[in-house]
Amino acid sequence: MPGTLRIKLQTLHHMFEPAESAYTVLLLLQKRINLGNICLPDPEAHKMTASQAFEEANVGYVAQYNLGHLPIQPSRMVVIVTCMDARLDPARILGLAEGDAIVIRNAGGRVAEEMRSLIMTQQLLGVREIVVIHHTDCGVTKFTNDVVHSRVHEALHQDISDMDFMTFSDIDASIKDDVSFLRKSPLVSTGTLINGYNYNVSTGQISLVVSITT
Ligand SMILES: [Zn+2]
């Protein structure tokens, strides 16, 4: 169409991440340069589900991927148990690359829930160092078992009153509890170094709370 600049968001994916950034740039162009006839795509029409965005992002990842040679055994011989919180990226917090460490995540980063995986890392992969990381502002500190039990009962009409959601209120205490749980467990190999850290989501800093060797 004469006098009309048509720009597809898809063509800008290589320049801007995520797609919303490209859209923002187009909005700025329209506003600042007064290009009233730029045809902006309808943001709703281009809204992808998270999974669709993943599939698209993966195409770029595959194009530059060169880690197919890595062995299953982690190079630093360490397993990290931490929270599933979306703000925590263990690789960035701890300076890890692919193949460096095994990372197990769940709500709160509670170790009692992960014995199956911990046993496998120790007995099948030979890992002898465990790092436990809980963090400030953790969602697990914001409710109790009773709250979850009643919510599930109301929403799903299920009785899960015997399910422990391992909530806690004192982060350092929960770290000590989990390290103590591992120290006492007959399923953790003798000679395992276990360090418990508190991660501050406001500053990005980890602080050592407890360190023991079994
Ligand atoms: Zn958390």
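It should be noted that the structure appears before, not after, this text.
Attention here is on the structure that accompanies the text. Since the structure is predicted, the reported quantities are computational estimates derived from the model, not experimental observations.

The rules behind these values
- Residues numbered from 1 in each chain as written.
- Predicted model: local features only at pLDDT ≥ 70, side-chain atom pairs only at ≥ 80, totals over all residues.
- Helix = DSSP H or I, 4+ residues; strand = E, 2+ residues; numbered from the N terminus.
- Expected span 1.5 Å × (residues − 1).
- Buried ≥ 20, exposed ≤ 12 C-beta atoms within 10 Å, placed from the backbone.
- Pairing = 2+ DSSP bridges.
- Axes fitted to C-alpha atoms, helices over the stretch in contact; angles between N-to-C directions.
- Contact = placed C-beta atoms within 7 Å.

**Comments concerning helix α5 (residues 145-156)**
Next, step 1: The end-to-end C-alpha distance of α5 is 16 Å, a good match for the 16 Å that 12 residues give at a rise of 1.5 Å each.
Next, step 2: By the criterion of burial, α5 is predominantly exposed, with just 0 of the 12 residues buried.
Next, step 3: A positive phi of about 55° marks histidine 157, the residue just after α5.

**Overview of the sheet that holds strand β3 (residues 78-83)**
Next, step 1: Pairing in this open sheet of 5 strands is mixed, and the strands run β4-β3-β5-β6-β7 from one edge to the other. Looking along the sheet, the strands with just one partner apiece sit at the ends: β4 (102-106) and β7 (206-213). Sheet twist, expressed as the average angle between the axes of neighbouring strands with direction ignored, equals 20°.
Next, step 2: Lying on the sheet, helix α6 (residues 171-184) is in contact with β5 (129-135), β6 (193-199) and β7; it crosses β6 at an angle near 165°.

**Observations regarding unusual backbone geometry**
Excluding glycine, residues mostly carry a negative phi; peptide bonds, for their part, are mostly trans.
Next, step 1: Of note, methionine 77 is a non-glycine position whose phi angle comes to about 50°, a positive value.
Next, step 2: Mapping methionine 77 onto the fold places it in the loop between α2 (50-64) and β3.
Next, step 3: A tally of 15 C-beta atoms within 10 Å means that methionine 77 is categorised as partly exposed.
Next, step 4: Backbone geometry at methionine 166 places phi at a positive 50°, although glycine is not the residue there.
Next, step 5: In this structure methionine 166 comes out as partly exposed when scored by C-beta crowding, with 18 C-beta atoms within 10 Å.

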